2 protein chains.
Amino acid sequence: MNDKMPTPCLGESCGECGFRSTVFNCLSNEQLELLSTGKDLLRAKKGEVIIKQGDKVKDFIFLRVGLAKLSRVSSDGKEQLVGIARPKDFVGLLSLFSSPVHPYSIIAIEDSEFCIVEFELVNRLVQESGKFAFSLLQKISQVSDLLLNTKLDIDNRQLRGRIAFILDLFSKEVYESTKFNLPISRKEIGELIDMRVENVVRILSEFRKDKIISIEGTTIDILQPEKLEWIKNHG
Amino acid sequence: MNDKMPTPCLGESCGECGFRSTVFNCLSNEQLELLSTGKDLLRAKKGEVIIKQGDKVKDFIFLRVGLAKLSRVSSDGKEQLVGIARPKDFVGLLSLFSSPVHPYSIIAIEDSEFCIVEFELVNRLVQESGKFAFSLLQKISQVSDLLLNTKLDIDNRQLRGRIAFILDLFSKEVYESTKFNLPISRKEIGELIDMRVENVVRILSEFRKDKIISIEGTTIDILQPEKLEWIKNHG
DNA sequence: CGCGGCTTTGATGTTCATCAAGTAAAGTGG
DNA sequence: CCACTTTACTTGATGAACATCAAAGCCGCG
C-alpha cells in the first residue's frame, strides 16, 4: 500500500522530467538546459519544514512528489492551514512575485520531493519567453483561485458539511480512492477548516456510527460516498 | 463632500493616464499606443453590474475611479462577497488567465470608471514584453494574496472583531479618514464577513452605545480608533 | 518508566443564527 | 401627490450550533 513512487528525476535534466508538461513545455532546449543546471532537488520526510513563514523569498518551489501543507500563524497567534498542496503545485507561488517574504510555512505532510529553482533564473526566463510568462500567469492564477474558492466554499458550510467537504477532497482530488490514509492530524483538520479538534473527532465518530465511513487508525474508508456528498452539499 | 473626481482620461492616450504607473510603465511608446486604441472606458453608476458571475472572460478590467464589490453565489445559493476592489485594482484579474468564465460578479458600489482592454491585446503584450509580464505577475500575486489573507484574517475573528476589522479597513485602506460613508448595506457587510444582518446591526448599535463610533444614516465616524483597533485584534 | 502530544467522550456555557415583529425609508403606480 | 408595496434597518426572544472545560485512554519517545 505504501510503495511510494521512486524518484526518476534526480540527476535528470528538466527536459526529461515527467512533470515538464505543466509549465515548462514551452521553453527552448537551451532554456531547459539552464533550468537543469540551476535547479535543486530537495527530499523531505513527513513533517519537515521546507519554508518557514517569514523566510525570504529566494526560490521558486515546485512539489514533485508527496503532499505538503501551507500554514500560517495568524495575528492572534493561532495556527491556521491555508491549504494543501498536491504534486505539480507551485507551493511558494503566491508570494513569489508579490512579497519579499513567505506569508506561509510550507511543511511536508508526506515524504516529498521538491524542485527548487532560483527566483532570478525564473525571472530571467519570464523576460526571455513570453510563452513561459503566459504559462506562469495561468498557473499562478489557477493556484490562487483554487485556494480562495476552497476557503469560500468551506466558509458557508457548517461543521458536518466541512468535514464531508474535506474527506471528499482527499478522496477525490488527492488520493483518487475511497480509501486513504489521512495525512494530517485531527488538530490540523481543525486548523484547515476552522473548527476545534474535539468537534472534528466528534463528527468523524458520528460518521463512523452512521456507517458513512470507517476508521482504522489513520485510514479512512468512505463507505457511502453519496451520503457523504449529500452532507457536503446540504449538511 | 461628494465632489467626485472628474475623469481626466476619457479621450486620453494611456501614456498620459495618471494610473499608468501601476503596471504599464514599462511599455514602449508603441505598445502604449496600442493600448490607447484598444482600450474602452466604462462609466458605471452605483449598483451597476459590470460583470456577471459566469460571463465569459474576454477583457482585462481595471478600476480607475470608484469602488466595486466582487461577489458570487455560493453552491448553496447564498450571496457571498469575495472582496472590495479599490482604484487601481484589477478587478477581473484572478480569472483572467485561469478560467474561461468569471467566477465572481463585479458590481459598482460607488459611481465608478473602469478601463477595459481586450484580453487578446494584453496577451500580446505579455508575449512581447518580459517586463510587462513580470509586472503583471507581481500585480496578480498581490491582488490574490490580499484577497486570501483578508479572508483568513476575518475567519479567525468573532463577530465583534469582524465588524471592527471591516470598519478599520474602510477607514484606513479605502477612505483614509475616520469619517466616511459606508458604501454597502448591512446585509452586504454580513455577506462580506460571513454573518447575519441582524448581528451586523446589533454590533454596530453596540459600538454606537459604547461611543466607539457614531452613525448618521450611512455615515460612520470612528470616535475611538484605538478602542476599535483593540476590538479588531482581541475582540 | 513517565512525560508530552494526540485522541476521544461527556458536560457546560457562550456565541450566534433564526424567528418574529415593528419602524423607517424609498420606490411605484394611479 | 398620496396610498401602496417593497426593501432596508432595528430590537427582542429563543434555540441550535459550536467552543470550552474536564478527564481519561492511547501511543511514541527519551
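Everything numeric in this text was worked out from a predicted model, so none of it was measured.

1. Some remarks on the protein's contact with DNA strand D
Thinking step 1. Not every one of the 15 residues close to DNA strand D is listed here, only the nearest: Gln158 and Leu159 of chain A together with Ser185, Arg186 and Ser205 of chain B.
Thinking step 2. Broken down by secondary-structure element, the contributors of at least two residues to the surface near DNA strand D are α7 (197-209) of chain A together with α6 (186-193) and α7 (197-209) of chain B.
Thinking step 3. The greatest single-element share of the surface near DNA strand D, amounting to six residues, is contributed by α7 of chain B.
Thinking step 4. Its residues assigned to classes, the surface near DNA strand D comprises five nonpolar, four polar and six charged.

2. What to know about the domain arrangement of chain A
One frequently used descriptor of interface size is the decrease in accessible area upon assembly of the parts.
Residues and elements named next belong to chain A.
Thinking step 1. Each assigned domain of chain A is listed here: domain 1 (14-150) and domain 2 (157-234).
Thinking step 2. Once you take the C-alpha centre of each, domain 1 and domain 2 turn out to be 27 Å apart.
Thinking step 3. Between domain 1 and domain 2, the residue contacts involve eight residues of the former and six residues of the latter.
Thinking step 4. Among the elements that make up the side of domain 1 that touches domain 2, the one with the highest residue count is strand β5 (residues 79-85) (three residues).
Thinking step 5. Residue classes in the side of domain 1 that touches domain 2 are distributed as three nonpolar, one polar and four charged.

3. Some words on the packing of helix α4 (residues 130-155) of chain A against helix α4 (residues 130-155) of chain B
Thinking step 1. Direction vectors running N to C along α4 of chain A and α4 of chain B enclose 5°, while the axes themselves pass 10 Å from each other. The orientation of α4 of chain A with respect to α4 of chain B, classified from their angle, is roughly parallel. In contact with Gly130, Ala133, Leu136, Leu137, Ile140, Ser141, Ser144, Leu147, Leu148 and Lys151 of chain A of α4 of chain A, α4 of chain B contributes Gly130, Ala133, Leu136, Leu137, Ile140, Ser141, Ser144, Leu147, Leu148 and Lys151 of chain B.
Thinking step 2. Of the residues in the contact of α4 of chain A with α4 of chain B, the class split is 12 nonpolar, six polar and two charged.

4. Side note on the interface of chain A and chain B
Thinking step 1. Listed by partner, the interface residues are 39 residues for chain A and 39 residues for chain B.
Thinking step 2. Per element, the largest residue contribution to the side of chain A that touches chain B is 19 residues, and it comes from α4 of chain A.
Thinking step 3. Grouping the constituent residues of the side of chain A that touches chain B by class yields 14 nonpolar, 16 polar and nine charged.

5. Section: the relation of the copies chain A and chain B
Thinking step 1. If you rotate chain A by 180° and push it 0.0 Å along the axis, it lands on chain B with an RMSD of 0.0 Å. Such a combination of rotation and displacement between the chain copies is what one expects of a two-fold axis.
Thinking step 2. A shared interface surface links the copies, since 100% of the contact residues of chain A are contact residues in chain B too.

6. Quick word on the protein's contact with DNA strand C
Thinking step 1. Around DNA strand C sit 15 residues in total, of which Ser185, Arg186 and Ser205 of chain A together with Gln158 and Leu159 of chain B are the nearest.
Thinking step 2. Contributions of two or more residues to the surface near DNA strand C are made by α6 (186-193) and α7 of chain A together with α7 of chain B.
Thinking step 3. For the surface near DNA strand C, the per-class residue count stands at five nonpolar, four polar and six charged.

7. Overview of the confidence of the model for chain A
Thinking step 1. Looking at chain A as a whole, its pLDDT mean stands at 88, while 93% of the residues score no less than 70.
Thinking step 2. Contacts from residues 1-9 of chain A, a stretch scored under 50 in pLDDT, to residues over four places away or in other chains number eight contacts.

8. A short note on helix α8 (residues 225-234) of chain A
Residues and elements named next belong to chain A.
Thinking step 1. Residues of α8 that are buried: Leu228, Ile231 and Lys232. The arc that holds every buried residue of α8, seen down its axis, measures 100°, which confines them to one face. Projecting away from the buried face of α8 at angles above 90 degrees are the exposed residues Glu226 and His234.
Thinking step 2. Tucked inside the fold, the buried residues of α8 contact α5 (159-175) and β10 (219-222).

9. What to know about the environment of lysine 131 of chain B
Thinking step 1. Looking at the secondary structure, you find lysine 131 of chain B in helix α4.
Thinking step 2. Here lysine 131 of chain B falls in the partly exposed class, since 15 other C-beta atoms lie within 10 Å of it.
Thinking step 3. Lysine 131 of chain B sits 92 residues away from leucine 223 of chain B along the chain, and the two C-alpha atoms are 45 Å apart.
Thinking step 4. Setting aside residues up to four positions removed in sequence, lysine 131 of chain B forms contacts with Gln127 of chain A together with Cys26 of chain B.

10. Some details on the sheet that holds strand β4 (residues 68-73) of chain B
Residues and elements named next belong to chain B.
Thinking step 1. One open sheet accounts for four strands, arranged β2-β6-β4-β5; its pairing is antiparallel. Because the sheet does not close on itself, it has two edges, and the strands there are β2 (49-51) and β5 (79-85). Each neighbouring strand pair of the sheet contributes to a mean axis angle of 30°, computed without reference to strand direction.

11. Quick word on the environment of leucine 96 of chain A
Thinking step 1. Checked against the element boundaries, leucine 96 of chain A lands in helix α2 (residues 93-96).
Thinking step 2. Sequence separation of leucine 96 of chain A and lysine 227 of chain A is 131 residues, and the distance between their C-alpha atoms is 40 Å.
Thinking step 3. Ignoring any residue separated from it by four or fewer positions in sequence, one finds leucine 96 of chain A in contact with Val57, Phe60 and Phe119 of chain A together with Ser141 of chain B.

12. Remarks on unusual backbone geometry
Residues and elements named next belong to chain A.
Thinking step 1. For glutamate 176, which is not glycine, the phi dihedral falls at a positive 50°.
Thinking step 2. Positionally, glutamate 176 belongs in the loop between α5 and β8 (179-181).
Thinking step 3. A count of 9 C-beta atoms within 10 Å places glutamate 176 in the exposed class.
Thinking step 4. Backbone geometry at lysine 211 places phi at a positive 60°, although glycine is not the residue there.

13. Quick notes on the sheet that holds strand β9 (residues 213-216) of chain A
All names here are of chain A.
Thinking step 1. The strand order β8-β10-β9 describes an open sheet built from three strands, whose pairing is antiparallel. The open sheet has two free edges, formed respectively by β8 and β9, since each of these has just one partner strand. On average, adjacent strands in this sheet sit at an angle of 20° to one another, irrespective of strand direction.

The rules behind the values
- Residues numbered from 1 in each chain as written.
- Chains lettered and ligands numbered in written order.
- Predicted model: local features only at pLDDT ≥ 70, side-chain atom pairs only at ≥ 80, totals over all residues.
- Near = placed C-beta within 6 Å.
- Helix = DSSP H or I, 4+ residues; strand = E, 2+ residues; numbered from the N terminus.
- Nonpolar A, V, L, I, M, F, W, Y, C, P; charged D, E, K, R; others polar.
- Domains from an automatic or database assignment.
- Contact = placed C-beta atoms within 7 Å.
- Axes fitted to C-alpha atoms, helices over the stretch in contact; angles between N-to-C directions.
- Parallel < 35°, antiparallel > 145°, perpendicular 65-115°, else oblique.
- Least-squares fit on C-alpha atoms with pLDDT ≥ 70 in both.
- pLDDT = per-residue confidence, 0-100.
- Buried ≥ 20, exposed ≤ 12 C-beta atoms within 10 Å, placed from the backbone.
- Arc of directions from axis to C-beta.
- Pairing = 2+ DSSP bridges.

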